[in-house]
Amino acid sequence: MFNRFLLIVVFVPLAVILIALAVANREPVAFTLDPFNPGNPALTLTMPLFIFLFRALAIGMIVGSLATWTKQGRYRKLARPRGAEAENLRQAVSRAPTASQGPALPKPTN
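Residues numbered from 1 in each chain as written. Predicted model: local features only at pLDDT ≥ 70, side-chain atom pairs only at ≥ 80, totals over all residues. Heavy atoms only, no water.

Focus: the environment of asparagine 37
Using the following cut-off: Each helix corresponds to a stretch of at least 4 residues labelled H or I by DSSP, and each strand to a stretch of at least 2 residues labelled E; elements are numbered beginning at the N terminus.
Summarising the element assignment, asparagine 37 is placed in the loop between β1 (28–32) and β2 (44–48). Between the alpha carbons of asparagine 37 and alanine 86 there is a distance of 62 Å; along the sequence they are 49 residues apart.

This is how it looks when you write it as structure tokens:
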């Protein structure tokens, strides 16, 4: 249910906006990598503007994902031994006999 909601509320409007952006920015533009000689054809790319925009968006998402993954590395490192410890405890509990569940509590007297 949540996936369908996410699809309808977020991805469909985003797709409509990106398609409209691509249609509105179809004209080729020159992107130069040489600020001192802008007319240098070896370092100039000519493509539609929406391609540059989509590439910038994709690069930003990749760099942001890598930064988040790197920042959360210490938590993953800490979770590995704790997960192994939890699994060992689960196995120890499942191997333990059912009769040794601790001392029996006395019955209450009224």
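Remarks on helix α1 (residues 2–24)
Rules: Multiplying 1.5 Å by the helix residue count minus one yields the expected span of that helix. Throughout, bend refers to the angle between the axes fitted to the seven residues that end at a position and the seven residues that start at it.
Look at α1: 32 Å from first C-alpha to last across 23 residues, which is about the 33 Å you get at 1.5 Å a residue. Within α1, the axis deviates most sharply at phenylalanine 11, by approximately 30°, and proline proline 13 lies no more than four positions further along.

Focus: the packing of α1 against helix α2 (residues 49–71)
Quick note on the threshold: Every axis corresponds to a line fitted to the C-alpha atoms, with the helix fit spanning only the stretch in contact, and the corresponding angles, defined between N-to-C directions, vary from 0 to 180 degrees. Only heavy atoms enter the contact rule, under which two residues are in contact if any of them lie within 4.5 Å. Here the nonpolar group is Ala, Val, Leu, Ile, Met, Phe, Trp, Tyr, Cys and Pro; Asp, Glu, Lys and Arg are the charged ones; every other residue, Gly included, is treated as polar.
α2 packs onto α1 with a crossing angle of 140° between their chain directions and a minimal axis gap of 7 Å. Counted together, Leu18, Leu21 and Ala22 of α1 and Phe50, Leu53 and Phe54 of α2 form the full contact between these two elements. Residues of the contact of α1 with α2, tallied by class, amount to six nonpolar, no polar and no charged.

Considerations on the confidence of the model for the chain
Our working rule: Per residue, pLDDT captures the predictor's confidence, and it can take any value from 0 to 100.
In the predicted model, the chain carries a mean pLDDT of 87, and the fraction of residues at 70 or more is 92%. Per-element averaging of pLDDT across the chain places α1 at the bottom with 87 and α2 at the top with 94.

Structural notes on a nonpolar patch on the surface
Where we set the bar: Put simply, a patch holds well-exposed residues, over 30% relative accessible area, that have no salt bridge, with like charges counted together within 9 Å and Val, Leu, Ile, Met, Phe, Trp or Tyr side chains within 5 Å. Throughout, the Shrake-Rupley method with a 1.4 Å probe supplies accessible areas, and for residues the shown protein chains are the sole cover considered. We define a salt bridge as a contact between a side-chain nitrogen of Lys or Arg and a carboxyl oxygen of Asp or Glu at a distance within 4 Å.
A contiguous nonpolar patch, built from Phe2, Phe5, Leu7, Ile8, Val9, Val10, Phe11, Val12, Leu14 and Val16 and spanning about 950 Å² of accessible area, is present on the exposed surface. Residue position: valine 12 is located in helix α1.

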